[in-house]
Amino acid sequence: MAFLGGAGCRLARLQRPLGTLYHAGSRCYSVSSEHTTEKSVPYAKTLKQEDSLRGPTKTLPSSADVVVIGGGSLGCQTLYHLCKMGMTNVVLLERDRLTAGTTWHTAGLLWQLRPSDTEVELLAHTRRVVSSELQAETGLDTGWIQNGGLFIASNKQRLDEYKRLMSLGKVYGIESYVLSPAETKELYPLMNVQDLYGTLYVPKDGTMDPAGTCATLSRAATGRGATVIENCPVTGIQVRADHMGVKRVRAVETDAGIIETPCVVNCAGVWATKLGLMAGVSVPLVAMHHAYVVTERIEGIQNMPNVRDHDASVYLRLQGDALSVGGYEQNPIFWDEVSDKFAFSLFDLDWDVFMQHIEGAVNRVPALEQTGIKSTVCGPESFTADHKPLMGEAPEVRGFYLGCGFNSAGMMLGGGCGRELAHWIIHGRPEKDMYGYDIRRFHHSLTDNSRWLRERSHESYAKNYSVVFPFDEPLAGRNARKDPLHQVLQEQGCVFQERHGWERPGWFNKGTPAPVLDYDYYGAYDTTKNKGYKYNELLSREYTFDFPPHHDTIRDECLTCRGSVAVFNMSYFGKFYLMGPDANKAADWLFTADVNKAPGSTVYTCMLNKRGGTESDLTVSRLQPGPTSLPLTPESNGEMYYVAVGGAVAQHNWSHIQAVLQDKGFNCTLTDHSEDMGMISIQGPRSRELLQEIVDADLSNEAFPFSTHKLVTAAGHQVRAMRLSFVGELGWELHIPRHSCVPVYQAIMAAGAKHQVCNAGYRAIDSLSIEKGYRHWHADLRPDDTPLEAGLAFTCKMKTSIPFLGREALEVQKATGLHRRIVCFTIDEKIPMFGLEAIYCNGVPVGHLRRAEFGYAINKTIGYGYIRNPDGGMVTSDFILSGDFSLERMGVLYKASAHLKSPFDPNNKRIKGMYSTE
């Protein structure tokens, strides 16, 4: 072992224990000979001169069906899965050597449990590939080691989080155990357990060898016909516009030639942003320095599980008879210059930053106090604004796919994500629900906002090991998009939530206003930490797996809506106009319901993909074409529809509609007026009385039926009124030009004073809507759920002969029967649930809750989840009604009642204004 100090002078002393670095807190750098070899660091300056002069390792083909750029985990996994799915004319270009980018310095850990069902499934596939599939196919060892994983809990909240993961894992057959400190000591004798609350042990977790895995993937892919070319930097991406003006990938440029291709996959890691710019695509990620140290030999450490001590911000990876020690800090070093080449010596470990991990490691494994450091590893890792990868087809350029931004999880997510990306390319969509990773989730105003991206990516890194609480909100990148009612609601105590840049009302604090302040980077980088920060104080009270302190406040908002009238600001909704000569044809194809009705109609409908999965639920209103001023009704040379969709998924919906219009060649346009308009929803038994005072139209059932809309005057301002409800009550939405929002809102609140009107937020909507059985897209309605499985068959025009996207898949499913189905559950105990709880039928796990809230009107916890018949048969009504169900929360089972209909107002009387007959 050798240490370099200060200016890089080599110290004569060759042994220095890890503990001395911890106690000294000095600035010290170390490297070992293994990190200056061509094998370990392909970018190192020891790269042979003749290698760089030789150029590409193979001759470039003139064309390819797909070109994957980047030879790391994601690039190799994507190539392999493309070949497994039948493609052969595929090429991988690596500018240096395989794993030469961020993959070379990854720890290679694989933990099977994550707080997301989709991620659990992705991890399971990676594990299958590296632990068995590749070796069976190639006869080569990938370097997989199954030594288990141990999660450390120093407090009850952390152990509760682990118990939630354990319950979800049972649904997927993942073996895990909650251990006491004494049991943990028995398993891991070298561990200090005096400060432990408990641990979670997952025996079949393990580690991967990055180089071995990628080499084996490459061998398997080339054996199936792929071409892997190293030492071949990409210098440009050719893009052309087709006859409709749609930009599409044409070719990849290198110094060694051009490869014509309709499809490029950007797996370039921290260089993905530069590669995106070559094609005119924004790739919103930020690179950070990430480091770990490798210790000298530790007697007794052999065969111990890998350790994650989240509260100490440290991980301990078994590396033979030594440990790799790393973690995530609140003051990571930004990597601002992404050069074409880099040498390891440029990334010296900053001990001032890293020292907290040393402290945590020494506390957890005291033997490290006297253990030397064999080497340090430091390199760049890419982080994203929401701590999720960037995948899918870029909205700017068709045929340009992303597979980057993996937030230090590229190795363990690589197999699952490589498979989904390959499926995306071949079939036009992934097989699983990948919305959370889809690049289309970000609004274009955010992907080009460097401040927002830098702040949010920093927080992603800093909170990488934080407890994942149900109601957490970011502090970074706030106030990026504010609706016209933001200020007036803030003054009334609104506690805002952030959804992809938008500030939307969460709930209303009865105390002082709680504005969201500028991001303080948690006090890092000499930034003054916000003091007396009311919003942060309220948010910190949310950090619980019990009912939050303001549970009663949300109850009051809900019960006021049920008993009188509540006002919801839903201005962040996406608001689009679909218009033109082919608008009717496009609407018929896009929407599952028959929206081609008379002007004045408003229809709740879904949009599907070709596999019948639900890409969105939304409302579509047929408009009367005419020269009415924007934004309420634009002029159109054809038919026209007004589309309203939840703001958190508006960009996804926009991109989906645009892609369908382009693929089908419909002669119509989609215009976005989300920023031009606000939307206020007035809901409750007194909503008609309130609105009648300020609206010049007759709001009776006869004059204004449910699911219709009209242009009316409200408090002297022209608005579009729609009789709709997201909460199951009599109510209307007012779609209002931006400049009219505040005066109309003020008139509503003044007229509602006699009815004890209240402001209410999305936390109330979540409770009210689940109580009524309404779906929330991307909660209990996702792209891998069909309307038939989700109980939304009524939205599908199956009784007509009108074709629509996804219809064929629904017809097949309808004919064969449902093998999975959403079910409503309630429990009698007043116990909070949040989703991911395991569902048991007759003692067998059959699914998990997607979404759960407390229903204040029925005074019960209510949840929705998709279940399967453990015998493989159909999930029929008889199967549901005859089953003995229970829900597991944190390892404890609660008897549950299953419902075929919503337990609240199952006959839909309230939305019809029929209160007196209840």
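Everything discussed here concerns the structure shown above.
Bear in mind that the values here come from a model prediction, so they are computed numbers and not experimental data.

Student: Looking at this structure, how should I read the nonpolar core?
Tutor: Soluble globular proteins tend to pack their nonpolar side chains together in the buried interior. Core analysis: the largest hydrophobic core is formed by 141 residues, its most contacted members being Val66, Leu93, Ile237, Val265, Phe400, Cys417 and Phe568. With eight residues, helix H10 (residues 410-427) is the single largest residue contributor to this core. Filtering out sequence-adjacent residues up to four positions away, Val265 remains in contact with Val66, Val67, Val68, Ile69, Thr78, Tyr401, Leu421 and Ile425. Core analysis: the second largest hydrophobic core is formed by 45 residues, Leu578, Val645, Trp654 and Ile822 among them.

Student: Teacher, can you tell me more about the environment of Arg308 here?
Tutor: Mapped onto the elements of the fold, Arg308 is located in strand S17 (residues 306-309). Given a relative accessible area of 12%, Arg308 falls into the buried group. In sequence terms Arg308 and Gln487 are 179 residues apart; their C-alpha atoms lie 43 Å from each other. In this structure Arg308 touches Trp111, Arg114, Leu150, Phe151, Ile152, Tyr162, Val314, Tyr315, Met412 and Tyr465, once residues within four positions along its chain are discounted.

Student: What's the story with the pattern of salt bridges in this structure? I'm lost.
Tutor: Once their charged atoms are close, side chains differing in charge can pair, the charge on each being opposite to the other. Overall, the coordinates contain 51 salt bridges when judged by the stated rule. Of the charged contacts in the structure, one is a salt bridge between Asp309 and Arg364, with a shortest N-O distance of 2.8 Å. With Asp309 in strand S17 and Arg364 in helix H9 (residues 351-364), this pair connects stretches of sequence that are 55 residues apart. A salt bridge links Lys895 to Asp884; the shortest N-O distance between them is 3.0 Å. With Lys895 in strand S41 (residues 892-899) and Asp884 in the loop between helix H22 (877-882) and strand S40 (885-889), this pair connects stretches of sequence that are 11 residues apart. Note on Asp884: relative accessible area 43%, which makes it partly exposed.

Student: For this particular structure, what's the right way to read the packing of aromatic side chains?
Tutor: In the structure shown here, the tally under the stated rule is 27 aromatic pairs. When the ring of Tyr328 is compared with that of Tyr461, the centres are 5.2 Å apart and the planes differ by 65 degrees; the resulting orientation is edge-to-face. Of this pair, Tyr328 sits in the loop between strand S19 (322-326) and H9 while Tyr461 sits in helix H12 (residues 450-462), and the two are 133 residues apart along the sequence. Here the two residues Tyr328 and Tyr461 agree in accessibility, since each one is buried. Each ring, one from Phe576 and one from Trp654, has its centre 5.3 Å from the other, and the planes form 65 degrees; the classification is edge-to-face. Taken as a pair, Phe576 in strand S26 (residues 574-580) and Trp654 in helix H17 (residues 650-664) lie far apart in primary sequence, 78 residues in all. Each of the two residues, Phe576 as well as Trp654, counts as buried.

Student: For this particular structure, what's the right way to read the pairing of strand S9 (residues 198-202)?
Tutor: Consecutive side chains along a regular strand alternate between the two faces of the sheet. Burial analysis of S9 places five of its five residues in the buried class, which makes it a mostly covered element. Of the two faces of S9, the one holding Gly198, Leu200 and Val202 and the one holding Thr199 and Tyr201 are both buried throughout. With five bridges joining them, strand S7 (residues 149-153) and S9 adopt antiparallel strand pairing. From the neighbouring strand, Ala153 faces S9, where its bridge partner is Gly198.

Student: Can you walk me through helix H8 (residues 272-279) in this structure?
Tutor: Owing to its 3.6 residues per turn, the α-helix brings residues three or four apart onto one side. Residues of H8 that are buried: Ala272, Leu275, Gly276 and Ala279. With its buried residues spanning 100 degrees around the axis, H8 presents them on a single face. Considering only its buried residues, H8 is in contact with strand S4 (66-69), strand S12 (234-241), strand S15 (264-266) and strand S22 (400-404). Gly280 lies just past H8 and shows a positive phi near 80 degrees.

Student: Explanation requested: the sheet that holds S12 in the structure shown.
Tutor: Two modes of strand pairing occur in sheets, parallel and antiparallel, and in both the strands are linked by backbone hydrogen bonds. On the basis of which strands lie adjacent, the open sheet formed by three strands has the order S12-S13-S14 and antiparallel pairing. Two strands close off the open sheet at either side, each with one partner strand: S12 and strand S14 (257-260). In this sheet, neighbouring strand axes are inclined to one another by 30 degrees on average, regardless of whether the strands run parallel or antiparallel. Bridge count between strand S13 (residues 247-254) and S14: four bridges; the pairing is antiparallel.

Student: Please explain the sheet that holds strand S35 (residues 758-760) as it appears in this structure.
Tutor: Strand order in the open sheet formed by six strands is S32-S33-S34-S31-S25-S35, and the pairing between neighbours is mixed. Unpaired on one side and paired on the other, strand S32 (709-714) and S35 mark the two borders of the sheet. Strand-to-strand twist across the sheet, computed as the mean angle between neighbouring axes with direction ignored, equals 30 degrees. In this sheet, strand S31 (residues 677-683) lies alongside strand S25 (residues 566-569) in antiparallel orientation, the contact comprising four bridges. Directly across from Asn569, in S31, lies its bridge partner Ile680.

Student: Just to check I follow, could you spell out the environment of Gly638 for this structure?
Tutor: With respect to the element layout, Gly638 can be found in the loop between strand S28 (614-622) and strand S29 (639-645). When the C-alpha positions of Gly638 and Asp582 are compared, they lie 7.4 Å apart, and in sequence the two are 56 residues distant. When sequence neighbours within four positions are dropped, the list of residues in contact with Gly638 reads Gly580, Pro581 and Pro625.

Student: Would you mind going over the packing of helix H3 (residues 73-84) against helix H7 (residues 210-223) with me for this structure?
Tutor: Where H3 meets H7, the axes come as close as 9 Å, and the angle between the chain directions of the two elements is 25 degrees. Looking at the two axes, H3 sits roughly parallel to H7. Read as a crossing pair, H3 and H7 show a hand that is left-handed. Counted together, Ser73, Cys76, Gln77, Leu79, Tyr80 and Cys83 of H3 and Cys214, Leu217, Ala220 and Ala221 of H7 form the full contact between these two elements. When its residues are assigned to classes, the contact of H3 with H7 shows eight nonpolar, two polar and no charged.

Student: Before we go on, may I ask you to explain unusual backbone geometry in this structure?
Tutor: Among all residues save glycine, negative phi is the norm, and among peptide bonds the norm is trans. A positive phi angle, close to 55 degrees, is found at Gln756, a residue other than glycine. Of note, Gln756 is situated in the loop between helix H19 (741-752) and S35. With a phi angle near 85 degrees, Leu836 is a residue other than glycine that sits in the positive phi range. One can find Leu836 in the loop between strand S36 (820-827) and strand S37 (838-841). On the basis of relative accessibility, which here comes to 16%, the residue Leu836 falls in the buried class.

Student: Quick question: what am I supposed to make of H17 here?
Tutor: When the terminal C-alpha atoms of H17 are compared, their 21 Å separation across 15 residues agrees well with the 21 Å that a helix rising 1.5 Å per residue should span. The element H17 is largely enclosed, with a buried count of 11 among its 15 residues. When we look at burial in H17, the residues that qualify are Ala650, Gln651, His652, Asn653, Trp654, Ser655, His656, Ile657, Ala659, Val660 and Leu661. Note on H17: the residue one or two positions beyond its end, Gly665, has a positive phi of about 70 degrees.

Student: Just to check I follow, could you spell out the packing of helix H15 (residues 551-563) against helix H20 (residues 762-772) for this structure?
Tutor: How two helices pack is summed up by the angle between their axes together with the distance between the axes. For the pair H15 and H20, the least separation of the axes is 9 Å and the interaxial angle reads 55 degrees. For the element pair H15 / H20, the angle class is oblique. Relative to H20, the crossing made by H15 is right-handed. For the pair H15 and H20, the contacting residues are Ile554, Glu557, Cys558, Cys561 and Arg562 in the first and Arg763, Ala764, Ser767, Leu768, Glu771 and Lys772 in the second. The class makeup of the residues in the contact of H15 with H20 is five nonpolar, one polar and five charged.

Student: Any chance you could explain the pairing of S40 here in plain terms?
Tutor: Of all five residues in S40, five are buried; the element is thus mostly enclosed. Taking every second residue as pointing to the same face, both faces of S40 are buried, with Phe885, Leu887 and Arg889 on one and Ser886 and Glu888 on the other. The pairing of S37 with S40 spans four bridges and is antiparallel. Looking at the pairing, Ala838 lines up with Glu888 of S40. Examined bridge by bridge, S40 and S41 share five bridges and lie antiparallel to one another. From the neighbouring strand, Ser886 faces S41, where its bridge partner is Lys895. Two successive antiparallel strands, S40 and S41, enclose a turn made up of two residues, where Met890 displays a positive phi of approximately 55 degrees.

Student: Quick question: what am I supposed to make of the environment of Lys710 here?
Tutor: Topologically, Lys710 is positioned in strand S32. For Lys710, a relative accessible area of 29% puts it in the partly exposed group. Residues Lys710 and Arg720 lie 10 residues apart in sequence; the distance between their C-alpha atoms is 5.7 Å. For Lys710, the residues in contact, after removing those within four places along its chain, are Asp698, Ala703, Phe704, Val719, Arg720 and Ala721. A polar contact is formed between the side chain of Lys710 and the backbone oxygen of Ala703, at a distance of 2.8 Å.

The rules behind these values
- Residues numbered from 1 in each chain as written.
- Predicted model: local features only at pLDDT ≥ 70, side-chain atom pairs only at ≥ 80, totals over all residues.
- Heavy atoms only, no water.
- Core = buried A, V, L, I, M, F, W, Y, C linked by side-chain atoms within 4.5 Å.
- Buried < 20%, exposed > 50% of the residue type's maximum accessible area, 1.4 Å probe, protein only.
- Helix = DSSP H or I, 4+ residues; strand = E, 2+ residues; numbered from the N terminus.
- Contact = heavy atoms within 4.5 Å.
- Salt bridge = Lys/Arg side-chain N within 4 Å of Asp/Glu carboxyl O.
- Phe/Tyr/Trp six-rings, centres within 6.5 Å; stacked < 30°, edge-to-face > 60°.
- Pairing = 2+ DSSP bridges.
- Arc of directions from axis to C-beta.
- Axes fitted to C-alpha atoms, helices over the stretch in contact; angles between N-to-C directions.
- Parallel < 35°, antiparallel > 145°, perpendicular 65-115°, else oblique.
- Left-handed = near helix turned anticlockwise from the far one by under 90°.
- Nonpolar A, V, L, I, M, F, W, Y, C, P; charged D, E, K, R; others polar.
- Expected span 1.5 Å × (residues − 1).
- Polar contact = N/O pair within 3.5 Å; in protein donor to acceptor, adjacent residues only side chain to side chain.

Everything listed here is a matter of coordinates, which is why it stays silent on function.
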